[in-house]
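Each chain, letter by letter, is given below.
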Amino acid sequence: MNINESVFFREATLRICGSLDIEKAMQRCLQYLSRFLPATRLCFHVYDRALGIVETIAMATTQNSQAMALRTPLDTRGRQQVEDQRSFRTKLVERMVEDAVAGPVVRQLGVTGDLSGLLLDLALEGNFVGTVSVFSEPDIKFNRHHVQLLSLLNEPFSIALANSLRYRELQTLRDKLADDNRYFQDEMQKITGQAVVGADLGLKGIMDMVRQVAPLESPVLLLGETGVGKEVLANAIHNLSPRSNGPMIRVNCGAIPDTLMDSELFGHEKGAFTGAFTRKRGRFERAHRGTVFLDEIGELPLEAQVRLLRVIQEKEIERVGGSETIRIDIRVIAATHRNLERMLNQSTFRKDLYFRLRVFPIAIPPLRHRREDIPALVQHFIQKKSREMKLFVKPTLSPGALDRLLQYTWPGNARELENAIERELIVCKGGVLSFDDLNIKSNKFKPVPPPPCESSQDERLELDAVMAGHIGKVLKMCNGRVEGDKGAARLLNINPSTLRKRMKKLGIPFGRRHVRMAREGVEHGEKTDTTRQRG
Ligand SMILES: Nc1ncnc2c1ncn2[C@@H]1O[C@H](COP(=O)(O)OP(=O)(O)OP(=O)(O)O)[C@@H](O)[C@H]1O
């Protein structure tokens, strides 16, 4: 047969390099080759020199093709033959079954019959990549002419095999990453999926709200002093939501330098700025199909607030230095210990963003207003810290220790309690915990110091106290009268029965009792506050 070698080369190359799907490429190529050679099978193999193992990574017939990882160990003779043949590029094997290398491979593949074979060692830029083998039809032998024809395809076969190996490696890495990801998500789940201590006591009302909002897509704004458990509740919302199998990505808005904010949140393309050596996905992109937890949202600079608003509204981002718009499916939970309303007035927080985030606000009370949670939190932290510190004997509390803990006002909330327990475990070396060092005397029943931030937390969080004080003042002005033209309800512009309900809830006496107390000069705001602090 007269063959135009350049046409043969071009057509075979187009087929073997025409698809990243190596199975498809091999089958198309074999179908073409079989017009010129008595070829029935085409295989790619790699050789592990250290182990003396031939791995067949794909095999095609003219009807089908499959990727595989079939490993054939060679005996000493086979290994020696591979070494001896290193300098040969193409080899004609008259009878495959009798060959020290091809024989075991053919048997491993389950191919029978008296076949001859062509083996072509593939090299790219001087490096050995693997081997391609072509099996003949039974009882038909390849000849020198076939060897020469197949040798023309060394380079395209090498490229195809190298690409396929790279692709396979990428897939393995991708599977491994996905597996790691699943593992870490599970581990995170174990850590973050922790029970919310106090869920049935001091945080009962809060947990009711969490359960209400968790199944929805609505943004949630968690408010509360530092260390009060905002992140714990953000995790609880995520874990109870339909997105619980997706990622929960936390962004500490106060910890990212302004200059890195955009690239951290939205990611960047390779070369977008000095030091951007690779493409990086931002936190929003990573949170796709999950939840993004924007902690310390009050710390976000104004410019970043504008961009955040756009992401929340349009659910799409652009990486820094990129032009592609990427759609993202995220649910947003934000948290802050700051007084956002005051920040609105000071124009340091955008109104539009505030109203977007504040769809479902949850204000978490400080620990001093839910002392009933302290015993369970103490046990929880003792267990957690003992585990972390690898203490095998569970430490116990000395008599009076719990009382001391209950009397303290915990300006740093659960986090401060956690730290106090860790400190005590270190000092007591895992023995009996007494908390003698806790400065309770000076702290006991003192007004709670404002948290270390520019806003007054108590002012916002003790809304009930403010409300009680205001209602008390108006009642005084109205001589204790609730209803009528000169009643407090009219001045407060609410329905009298609503006012009574609220007064009852806030513990404000009405009727004769109120008049008597007012005469005695009892301020409702103070009364409510003191009651709460001791409660
Ligand atoms: N109800 C709770 N149950 C179990 N652990 C809690 C609870 N509340 C707080 N903690 C623990 O206390 C520590 C502080 O909680 P967390 O980080 O959630 O507070 P935060 O309000 O987010 O603080 P910040 O405002 O400083 O970010 C964490 O170790 C957390 O696990």
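For clarity, every value in this text was computed on a predicted model and none was experimentally measured.

Student: Looking at this model, I keep getting lost on the site of the ligand. Mind explaining?
Tutor: Taken together, 21 residues form the shell around the ligand, and within it Val197, Thr226, Lys230, Arg415 and Glu418 come nearest. For the ligand, an oxygen atom lies 3.2 Å from a polar atom in the backbone of valine 228. At 3.1 Å from an oxygen atom of the ligand is found a main-chain nitrogen or oxygen belonging to valine 232. When the ligand is considered free in solution it has 620 Å² of accessible area, and contact with the protein chains removes 91% of it. If you list the elements that add at least two residues to the shell around the ligand, you get α8 (230–239), α14 (374–388) and α16 (413–427).

Student: Before we go on, may I ask you to explain the packing of aromatic side chains in this structure?
Tutor: Two numbers describe a pair of aromatic rings. These are the distance of the centres and the angle of the planes. All told, the structure shown has 7 aromatic pairs when counted by the stated rule. For the ring pair phenylalanine 8 and phenylalanine 36, a centre distance of 5.3 Å and an interplane angle of 85° mean the geometry is edge-to-face. With a gap of 28 residues between them, phenylalanine 8 in helix α1 (residues 5–16) and phenylalanine 36 in the loop between α2 (22–33) and β1 (39–48) connect regions that are remote in the sequence. By the burial criterion, phenylalanine 8 is buried, and phenylalanine 36 matches it. Between phenylalanine 266 and phenylalanine 284, the ring centres sit 5.8 Å apart and the planes meet at 15°, which makes this aromatic pair stacked. Pair noted here: phenylalanine 266 is in helix α9 (residues 258–266) and phenylalanine 284 is in helix α10 (residues 283–286), with a separation of 18 residues, a long-range link. Judged by relative accessible area, which is 6%, phenylalanine 266 ranks as buried. By relative accessible area, which is 0% here, phenylalanine 284 ends up buried. These aromatic residues form a ring-pair network of at least three members: Phe8, Tyr32 and Phe36.

Student: Whenever I open this one, the sheet that holds strand β2 (residues 53–61) confuses me. Can you help?
Tutor: One key point about sheets: their strands pair by backbone hydrogen bonds, in either a parallel or an antiparallel sense. Within the open sheet, the 6 strands sit side by side as β3-β2-β1-β6-β5-β4. Their pairing is antiparallel. A single partner strand is all that each edge strand has here, and the edge strands are β3 (65–73) and β4 (90–93). Sheet twist, expressed as the average angle between the axes of neighbouring strands with direction ignored, equals 25°. For β2 and β3, the ladder comprises 7 bridges, and the chain directions are antiparallel. Bridged to methionine 59 within β3 is glutamine 66.

Student: Help me out: how do you make sense of the pattern of salt bridges in this one?
Tutor: Once the charged atoms of two side chains with opposite charge are near each other, the side chains can pair. Considering all chains together, one arrives at 32 salt bridges under this definition. A salt bridge links glutamate 418 to lysine 384, with the nearest nitrogen and oxygen atoms 2.7 Å apart. In this pair, glutamate 418 is assigned in helix α16 and lysine 384 in helix α14, connecting sequence segments 34 residues apart. Classification of lysine 384 as partly exposed rests on a relative accessible area of 22%. Of the charged contacts in the structure, one is a salt bridge between lysine 385 and glutamate 422, with a shortest N-O distance of 3.2 Å. Highlighted residues: lysine 385 in helix α14 and glutamate 422 in helix α16, separated in sequence by 37 residues. Given the relative accessible area of 27%, glutamate 422 is considered partly exposed. Residues participating in the shared-partner salt-bridge network are Lys384, Lys385, Glu388, Glu418 and Glu422.

Calculation criteria
Residues numbered from 1 in each chain as written. Predicted model: local features only at pLDDT ≥ 70, side-chain atom pairs only at ≥ 80, totals over all residues. Heavy atoms only, no water. Near = heavy atom within 4 Å. Polar contact = N/O pair within 3.5 Å; in protein donor to acceptor, adjacent residues only side chain to side chain. Areas by Shrake-Rupley, 256 points an atom, 1.4 Å probe, with all protein chains shown as cover. Helix = DSSP H or I, 4+ residues; strand = E, 2+ residues; numbered from the N terminus. Phe/Tyr/Trp six-rings, centres within 6.5 Å; stacked < 30°, edge-to-face > 60°. Buried < 20%, exposed > 50% of the residue type's maximum accessible area, 1.4 Å probe, protein only. Pairing = 2+ DSSP bridges. Axes fitted to C-alpha atoms, helices over the stretch in contact; angles between N-to-C directions. Salt bridge = Lys/Arg side-chain N within 4 Å of Asp/Glu carboxyl O.

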